[in-house]
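Observations on chain architecture
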Amino acid sequence: MAGAAEKVDYVFKVVLIGDSAVGKSQILARFARNEFSLDSKATIGVEFQTRTLVIDHRSVKAQIWDTAGQERYRAVTSAYYRGALGALLVYDITRRQSFDHIPRWLDELRANADKNIVIMLVGNKSDLQEQRAVSTEDAKEFAEKENLFFLETSALQATNVESAFQTVLTEIFKIHS
Ligand code: GDP
Ligand code: MG
């Protein structure tokens, strides 16, 4: 049930970052609306979508921000990160370069966001196993070294998208409730 009667105990801002075309917008579409599109347009303008969940009997509104197609130019502004309590740091398991850029995204995130930010490293497009260019082990090792949560997802097959957000939001809840 939506509308004026909705009671929200917490609003948590979570940002999506990572190279262009790794699947950020489709991960968000899957989480917020349970939709997926194979020919998604590059996102225009800073946007967020929300979904309200129940965590520990409390109503938590997740406000998920998606980049405005600025990924290529590293032009994501500090306003985008401001107030973010969680982040999904996304690469594409079929594109090595998108994984090699993760340390840069992490630096930018840590320089701009809350010091307690909860970060999930996400290897998306796990449905494309035959095109894999980043091993699960490499990513896991990096995540452990940097103290990040880690999951491989498929927005297309709806694999682990729910878990990725659930984990981040539950951790934020533990810290901020
Ligand atoms: P963004 O630039 O990071 O927001 O990436 P998009 O969400 O626009 O996705 C880029 C392309 O990858 C689109 O053609 C999507 O349909 C496709 N895509 C996104 N997620 C997946 C996935 O999990 N599996 C596959 N096979 N394709 C995906
Ligand atoms: Mg996008």
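Entered under Sequence similarities (unreviewed entry) in the UniProt record, the comment concerning the protein chain runs "Belongs to the small GTPase superfamily. Rab family." Under the UniProt heading Subcellular location (unreviewed entry), the note attached to the protein chain is "Endomembrane system".

1. Observations concerning the overall build of the protein chain
For the protein chain, the count of helices and strands is six helices and six strands. Mapped from its N terminus to its C terminus, the protein chain presents α and β elements in the order β-α-β-β-α-β-α-α-β-α-β-α. For the protein chain, buried positions account for 38% of its 177 residues. Within the protein chain, contacts between residues separated by at least 24 positions form 74% of all contacts whose residues are at least 6 apart in sequence.

2. Details of the site of ligand 1
Taken together, 19 residues surround ligand 1, and among them Gly23, Lys24, Ser25, Gln26 and Leu156 come closest. Per-element tally for the shell around ligand 1: the top contributor is helix α1 (residues 24-33), with three residues. Partitioning the shell around ligand 1 into residue classes produces six nonpolar, nine polar and four charged.

3. Describing the sheet that holds strand β6 (residues 149-152)
Spatial ordering of the open sheet is given by β2-β3-β1-β4-β5-β6, a layout of six strands whose pairing is mixed. Strands at the two margins of the open sheet, each flanked by one partner only, are β2 (47-55) and β6. For this sheet, the mean inter-axis angle between neighbouring strands, taken without regard to orientation, is 25°. Looking at chain direction, strand β4 (residues 86-92) and strand β5 (residues 118-124) are connected through seven bridges and run parallel. When the bridges of β5 are listed, Ala87 appears paired with Ile119. Lying on the sheet, α1 is in contact with β1 (10-17), β2, β3 (58-66), β4 and β5; it crosses β3 at an angle near 155°. Strands in contact with helix α5 (residues 136-146) are β5 and β6; relative to β6, the strand with the most contacts, it is inclined by about 160°.

Parameters at a glance
Residues numbered from 1 in each chain as written. Chains lettered and ligands numbered in written order. Predicted model: local features only at pLDDT ≥ 70, side-chain atom pairs only at ≥ 80, totals over all residues. UniProt positions renumbered as here; feature names shortened; annotations may be inferred. Helix = DSSP H or I, 4+ residues; strand = E, 2+ residues; numbered from the N terminus. Buried ≥ 20, exposed ≤ 12 C-beta atoms within 10 Å, placed from the backbone. Contact = placed C-beta atoms within 7 Å. Near = placed C-beta within 6 Å. Nonpolar A, V, L, I, M, F, W, Y, C, P; charged D, E, K, R; others polar. Pairing = 2+ DSSP bridges. Axes fitted to C-alpha atoms, helices over the stretch in contact; angles between N-to-C directions.

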